[in-house]
Amino acid sequence: MARKLKRVFKFLAPDSDKEQDGRDVWSSRTAFVLAAMGGAVGLGNLLRFPSVVFANNGVQWFIPYFIALVFLGIPVLILEISIGQAYRGGSVIAYNGINKRTKGVGFGVIMTGYIVSTYYVPILSWIMHYFRTSFQSPLPWTDRGEAFYRQDVLANPEPRPGTTSGSIVTSYTRYPSTGFVGETVGWCAFIWLMVYLCMFKGVAVTGRAVYFTMGLPIVMIFILIGRSLSLPNASEGVKLYFAEWHGEKLAGGQIWQAACGQIFFSIGVGFGYFTAYASYNSRFANAVQDSVIIALCNSMYEILAGFAVFGIVGFLGLRPGDTELGTFTVGFLTYPLAIAEMPGANVWAVLFFLTVAILGLSSAFALTESMVTLLCDSDLSKKMPRVAISTFVVIVSFLFSLMYCTKFGFYLLDAVDTWINNLSLIFIVWTEGVVVTTVYRHRDVCKQVGWAAYLTYSGCYILAMVLGVAVGQAVSPSAGAGVGFGLFVVGGVVSVLVARTPDSIPPRFWGRNPWLSKFWWVAFYSGNQLTRDLNSVVAKGKNWSIPLFWAPTIRYISCPILSIILSFSYPAFYKVRMDPLHIFAFTVAHFIMVIAAAGFIFPRAFDVFIPPERRDKDSTVYAPQIVIMGVCQASEVAESGESRDDNHGFSDKGLKETK
């Protein structure tokens, strides 16, 4: 009997395979893609997506949506997966490879995802409350959906709002009750146990778990779509979703901001788990193709899930303008009330809440994995096995989650969710885009055209985004655009004027005259060289390569878009400045932002998360236009002088200095 149990345990929790470098590796490419999809596909796809589409109803919604997918979602996803695979580590190790001063950015990425995981699980606890009561007949929320949600599930009394007089806060919001909500605590402990079981031994266990946590929701969403579209008047909801045209909405900024936000939050970049998961890939896996598959499958799932919700919208006769449909409203009010009116209501309630819970579970253990990978990559792994590290992380995470299980926990969760997503998450991804296209191998730029040219262009590029959006918010969008573009143009012109003539000739068009050559070095070199260096790993054989337009897209499209979105957060905080919970969450978000910036000043503070033998693996070697193969140490490249010309016109001087 003991032997049989041991055999079953070995099957469910096998040991991970090993790559040649000794790192754990996924059992198959399918396991990696499903795990990454599990992180991407979650509550945002099933609940948030229909709510933002409802507010911007009509087929015109999909124009900004797909533009945001191409220019924002996929480029950043390619970045996070490629650096994880190339540098064979989580975000801190990967960004140490970009530059030793960008380790703080990697740590900020992990902290953002980890904080989200601590409040994500309590949301799943509310879902499990609905799941438990779905077996009661009649359903307990029948004819009292709002009361059941507010009183029975959340059990959070209404706060006493704070007041202001002009710009002065005269009283702060008060929350009348403290203490824990018992059932929420119990389900929270249960969900964290499930998270632990799905990832405690590494990617081998996770690879088994995702076949269930992603496979079952894929099957069940089609069942829910079929039931939803068979309801009376469901066609009216589908028409609202996919068959109305409101072209005038495209002239406003709201629909574009909503589309960018949805793509950004839905795919899940900036939380660290894509880099962590990709670090367990085979070194020469097809990272670019995997990124495109994950992004497209994520969008396909939420678009299909939209039919399930909009069938309900038609059934209930809801219309934009008459009703506000928020993320929690869809999951805890709209869908449950519709289910209560269906024949066989208990069956559909069980199916719906089980689907949502499993989707959320796959995202929860993905969010937790980035922190576990951080600790496993450090020297701590020499003292503690992964099982012990996973146990420690899950226990600490559960303790953090308890503050959201209180009788003011919903309001705290709403505040933290608001400012982590609207501030630190967007800032972190903006910083990711800036550093990989500006700081990466900057020594080559400085030695070719001079420090003055590099600092002038880079400084004006960053100031254009910062001051441009600040003026846009304070004065007018047109004034902000003028300041932003003006600074950028001035920076470009001045940097070219003060730049030395490089002796390493840029490729193709840019090498035709000295002025174009100088501009290429300050404007495109870092991103172009990162593309080539990553392609030396991820584009082996028949693998898809990272295209040349990828880095310019991140630098000149994705980052400005993110800076604009970030600028909307500060005026929004002014409206809730009298709420202590929002002040707390606002502070936490800025703490993460400060950590990311602190790495530039105190890079050694983050060395504790990097093994000693990997701390010098950054991109500071001087080797203009020479491909650094994968994660070779700078000293290795300098000693060997290995290069690949690719017709980029390397100078003898550059090669000699490298050797």
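As recorded in an unreviewed UniProt entry, the chain goes by the name Creatine transporter, listed as coming from Conoideocrella luteorostrata. Taken from UniProt, the Subcellular location (unreviewed entry) comment for the chain reads in full: "Membrane".

A. Summary view of the environment of tyrosine 65. Its place among the elements puts tyrosine 65 in helix H4 (residues 62-87). Remark: the alpha-carbon pair of tyrosine 65 and isoleucine 263, spanning 198 residues in sequence, is separated by 7.1 Å. There is a polar contact of 2.3 Å between the side chain of tyrosine 65 and the side chain of glutamate 302.

B. The nonpolar core, seen in detail. Trp61 and Phe274 are the most contacted members of the largest nonpolar core, which totals 205 residues. Broken down by element, this core gets its largest block of residues, 19 residues, from helix H16 (residues 345-377).

C. Main features of the pairing of strand S4 (residues 168-171). Alignment of strand S3 (residues 163-165) against S4, held across three bridges, turns out to be antiparallel. Among the inter-strand pairings, serine 165 is bridged to a residue of S4, identified as isoleucine 168. In this structure, the hairpin formed by S3 and S4 is closed by a connection of two residues, where glycine 166 is found at a positive phi of approximately 70°.

D. How the structure looks around the pattern of salt bridges. Within the structure shown, the criterion is met by twelve salt bridges. Between aspartate 533 and arginine 441 there is a salt bridge whose closest N-O contact spans 2.9 Å. Placement of aspartate 533 in helix H23 (residues 525-538) and of arginine 441 in the loop between helix H18 (409-438) and helix H19 (442-449) is noted, with a sequence separation of 92 residues between them. Of the two residues, aspartate 533 and arginine 441, neither departs from the other in class, the shared state being buried. Taken together, the shared-partner salt bridges connect Arg441, Asp444 and Asp533 into one network.

E. Layout of the packing of aromatic side chains. In this structure the tally under the stated criterion is 58 aromatic pairs. Measuring from centroid to centroid gives 5.3 Å for tryptophan 26 and tyrosine 277, while their planes differ by 80°, and the two rings are edge-to-face. With a gap of 251 residues between them, tryptophan 26 in the loop between strand S2 (24-25) and helix H2 (29-40) and tyrosine 277 in helix H13 (residues 273-278) connect regions that are remote in the sequence. For the pair tryptophan 26 and tyrosine 277, one class covers both residues: buried. Seen from their ring centres, tryptophan 451 and tyrosine 454 are 6.2 Å apart, and the 80° between their planes marks the pair as edge-to-face. Residue tryptophan 451 and its partner tyrosine 454 are located together in helix H20 (residues 451-474), separated by three residues, close to a single helical turn. Here the basic side chain of lysine 518 rests over the ring of tryptophan 515, its NZ or CZ set 4.4 Å away from the ring centre. Sitting above the plane of the tyrosine 461 ring, arginine 555 keeps its charged end 4.7 Å from the centroid.

F. Expanded view of unusual backbone geometry. Serine 137 connects to proline 138 through a cis peptide bond whose omega is -5°. Position of proline 138 among the secondary structure elements: in the loop between helix H6 (103-133) and helix H7 (145-154). Unusually for a residue other than glycine, asparagine 233 sits at a positive phi of about 65°. Here asparagine 233 is to be found in the loop between helix H10 (215-229) and helix H11 (234-242). A positive phi angle is found at glutamine 625, which is not glycine, with a value near 65°. The topology assignment puts glutamine 625 in the loop between helix H26 (580-601) and helix H27 (634-640). Judged by its relative accessible area of 0%, glutamine 625 falls in the buried class.

Calculation criteria
- Residues numbered from 1 in each chain as written.
- Predicted model: local features only at pLDDT ≥ 70, side-chain atom pairs only at ≥ 80, totals over all residues.
- Heavy atoms only, no water.
- UniProt positions renumbered as here; feature names shortened; annotations may be inferred.
- Helix = DSSP H or I, 4+ residues; strand = E, 2+ residues; numbered from the N terminus.
- Polar contact = N/O pair within 3.5 Å; in protein donor to acceptor, adjacent residues only side chain to side chain.
- Core = buried A, V, L, I, M, F, W, Y, C linked by side-chain atoms within 4.5 Å.
- Buried < 20%, exposed > 50% of the residue type's maximum accessible area, 1.4 Å probe, protein only.
- Pairing = 2+ DSSP bridges.
- Salt bridge = Lys/Arg side-chain N within 4 Å of Asp/Glu carboxyl O.
- Phe/Tyr/Trp six-rings, centres within 6.5 Å; stacked < 30°, edge-to-face > 60°.
- Lys NZ or Arg CZ within 6 Å of the ring centre and 35° of its normal.

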